[in-house]
Amino acid sequence: MGDAEVAVDGLPIVATDVDVVRRDTRVLSDVDATIRAARRTFILGPNGSGKSTLLRVLHGLLAPVRGQVTWGGLTAPPPGQAMVFQRAVLLRRSAAGNIRHALKLAGVRGAEAQRRVADALSTVGLAALAERPARVLSGGEQQRLALARAWALAPRVLFLDEPTASLDPAAARAVEAIVRDFHALGTTIVMTTHNLAQAKRLADEVVFLDGGRVTEHTAAEQFFRSPRSLQAKTFLEGERL
Amino acid sequence: MQSGMDTISQSFAVALGLVAHLDPRLTEIVGLSLAVSLTATLISAAIGLPLGAAIAVGRFPGRAPLIVVLNAAMGLPPVVVGLFVYLLLSRAGPLGPFGLLFTPPAMVIAQTVLIVPIVAALTRQFVEDAWSEYREQLASLRSSWLQSTATLLWDTRWSLATVLLAGFGRAAAEVGAVMIVGGNIDGVTRVMTTAIALETSKGDLPLALGLGLVLITLVMALNVGAHVTRHYARLRFG
């Protein structure tokens, strides 16, 4: 039973000596990272440091050319993960239809699916727009719908790739609130952002990337007070200027 | 010159009369045209939609040259397709024993060969555009190859409807292929385009013009239909 639980859980996610090459360019080198259960881990770093790539590797969307990733000891990503992208990718269907589609792929149908769709839409405040075509919603509504789709799947791990980068402050706050709701239910959060204030508000841990290498992995409070690596110091100082 | 203009305007008036009164000769030809081209379009949809989607989503050796060939095949000369199908169906050909030459099924086969590349190539384009947008999201949802293909075909359904309209238009308007494999036999394999060619050469302008009016109306209606479909889908689904 104990073993089975670990296997189903898929946590922690452990990356070991990971190298990733994309279009003949090395974007991650010797990356070690551990994502622990129920924590909010933020991947920070300058543009082009490999944040999004690391997120995709941890989600199992991208296979490393060297090294390995394990999910609770498994070598393939187990079910129970969801990802929200910088720009929500929504199907040409209604808001509710988008969530139903994801549930169907996860094997959830019928009354249970119906219940989850309604619950997810009301959680993100889109219940009134359930039958609206998803792709004509505003940017903020689209991102909330992407979060509702993830919510309906009740993931153990939620990956978010700069989910507020193209949103106005009010819409960004709404997204942050939903991320808190996920975490309150025990969902493990792995997120990238350019917004350091947001990382300060939400992060438990920070993985700092520079030039495709992890220069430190520390508690968020410690990271923002006194980062250990020179690269992180420089990065945070640049932000203060 | 004056009398020439009179002939044309008289022919035009008679032609309008034929259309307005649903002249049996005209309706029979129009009916066969629609039946043949609609059947060819349905068969092409059954072959071309999954084929185009599979090429869009699949990654296999020879994919790039296959796409080039498919795109080039959109412009196959109907006469050559007719000749090719004629050779297949002729008594000495591999499909000769079925005795299909100079029957409506032969015309369906020729038009299908003509428009399958159109349906498959355009489907490939539309589905691949959607695929490049959806790929990561569907991978994140752990969608299988087959599930992804089904999702993409459904999500591009409005674009694919316009593809089928284009295929149908091409089939209904071509003359070379059906002329060769159908033989333009009165009451059996005579369709709008072959009838227009024959009646014009015989000098029976009213019937040729009447059929021409129907054909032009059909082709224009198809194009308007495609335009309206695209416009509606963009407004409704983004």
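A look at the overall build of chain B
Thinking step 1. Broken down by element type, chain B carries 10 helices and 0 strands.
Thinking step 2. Ordered by position from the N terminus, the helices and strands of chain B form the series α-α-α-α-α-α-α-α-α-α.
Thinking step 3. Across its three principal axes, chain B shows a C-alpha extent of roughly 70 × 50 × 30 Å.
Thinking step 4. Long-range pairs, those at least 24 residues apart, make up 80% of the contacts in chain B between residues at least 6 apart in sequence.

Topic: the sheet that holds strand S2 (residues 25–35) of chain A
Residues and elements named next belong to chain A.
Thinking step 1. Strand order across the open sheet formed by 3 strands is S2-S1-S4, with antiparallel pairing between neighbours. The sheet is open, and its two borders are formed by S2 and strand S4 (66–71), each paired with just one other strand. Between one strand and the next, the sheet's axes are offset by a mean angle of 25°, whatever the strand orientation.
Thinking step 2. Pairing of strand S1 (residues 13–22) with S4, which is carried by 5 bridges, proceeds in the antiparallel orientation. Within S4, the residue paired with Val14 across the bridge is Thr70.
Thinking step 3. Each of S1, S2 and S4 is contacted by helix H2 (residues 51–59), which is oriented at about 125° to S1, the strand it contacts most.

Concerning the environment of Phe224 of chain A
Thinking step 1. Positionally, Phe224 of chain A belongs in helix H8 (residues 220–225).
Thinking step 2. Considering only alpha carbons, one finds Phe224 of chain A and Thr41 of chain A, 183 residues apart in sequence, at a separation of 14 Å.

Thoughts on the packing of helix H2 (residues 24–57) of chain B against helix H6 (residues 145–155) of chain B
Working note: a packed helix pair is described by the angle between its axes plus the distance between those axes.
All names here are of chain B.
Thinking step 1. Running from amino to carboxyl end, H2 crosses H6 at an angle of 120°, the nearest separation of the two axes being 10 Å. Relative to H6, H2 is oriented oblique. Handedness of the crossing formed by H2 with H6: right-handed. Contacts between H2 and H6 involve Leu49, Ala53, Ala54 and Val57 on the former and, on the latter, Trp145, Ser148, Thr149, Leu152 and Leu153.
Thinking step 2. The residue inventory of the contact of H2 with H6, partitioned by class, reads 7 nonpolar, 2 polar and no charged.

Some details on the interface of chain B and chain A
Thinking step 1. Taken together, the 15 residues of chain B in the interface contact 15 residues of chain A.
Thinking step 2. Here the side of chain B that touches chain A gets 6 residues from one element, more than from any other, and that element is helix H5 (residues 104–140) of chain B.
Thinking step 3. Classifying every residue of the side of chain B that touches chain A by side-chain character gives 4 nonpolar, 6 polar and 5 charged.

Some remarks on the sheet that holds strand S9 (residues 213–219) of chain A
All names here are of chain A.
Thinking step 1. Spatially, S5-S6-S7-S3-S8-S9 is the arrangement adopted by the 6 strands of the open sheet, whose pairing is mixed. Either end of the sheet is taken by a strand with one partner, and the two such strands are strand S5 (81–84) and S9. Neighbour-to-neighbour, the strand axes of the sheet open up by a mean angle of 15°, direction not taken into account.
Thinking step 2. Pairing of strand S3 (residues 40–44) with strand S8 (residues 205–210) involves 4 bridges; the strand directions are parallel. From the neighbouring strand, Leu44 faces S8, where its bridge partner is Phe208.

Conventions and cut-offs
- Counting restarts for each chain, with residues numbered from 1 along the sequence as it is written.
- Chain letters start at A and ligand numbers start at 1, both assigned in the order the entries are written.
- Given that this is a predicted model, residues contribute local features only at a pLDDT of at least 70 and side-chain atom pairs are listed and counted only at 80 or more, while totals for whole chains, interfaces and linings are drawn from all residues.
- Secondary structure is summarised from DSSP: a helix means a run of H or I of at least four residues, a strand means a run of E of at least two, and numbering begins at the N terminus for each.
- Contact between two residues is assigned whenever their backbone-derived C-beta positions fall within 7 Å.
- Here, strands pair whenever DSSP counts at least two bridges between them.
- All axes are obtained by fitting lines to C-alpha atoms, using only the stretch in contact for helices, and the reported angles, taken between N-to-C directions, cover 0 to 180 degrees.
- Note on angle classes: values under 35 degrees are labelled roughly parallel, values over 145 roughly antiparallel, values of 65 to 115 roughly perpendicular, and the remainder oblique.
- What makes a crossing left-handed is the near helix being turned counterclockwise from the far one by less than a right angle; a clockwise turn instead makes it right-handed.
- Amino acid classes used here: Ala, Val, Leu, Ile, Met, Phe, Trp, Tyr, Cys and Pro are nonpolar; Asp, Glu, Lys and Arg are charged; the rest, including Gly, are polar.

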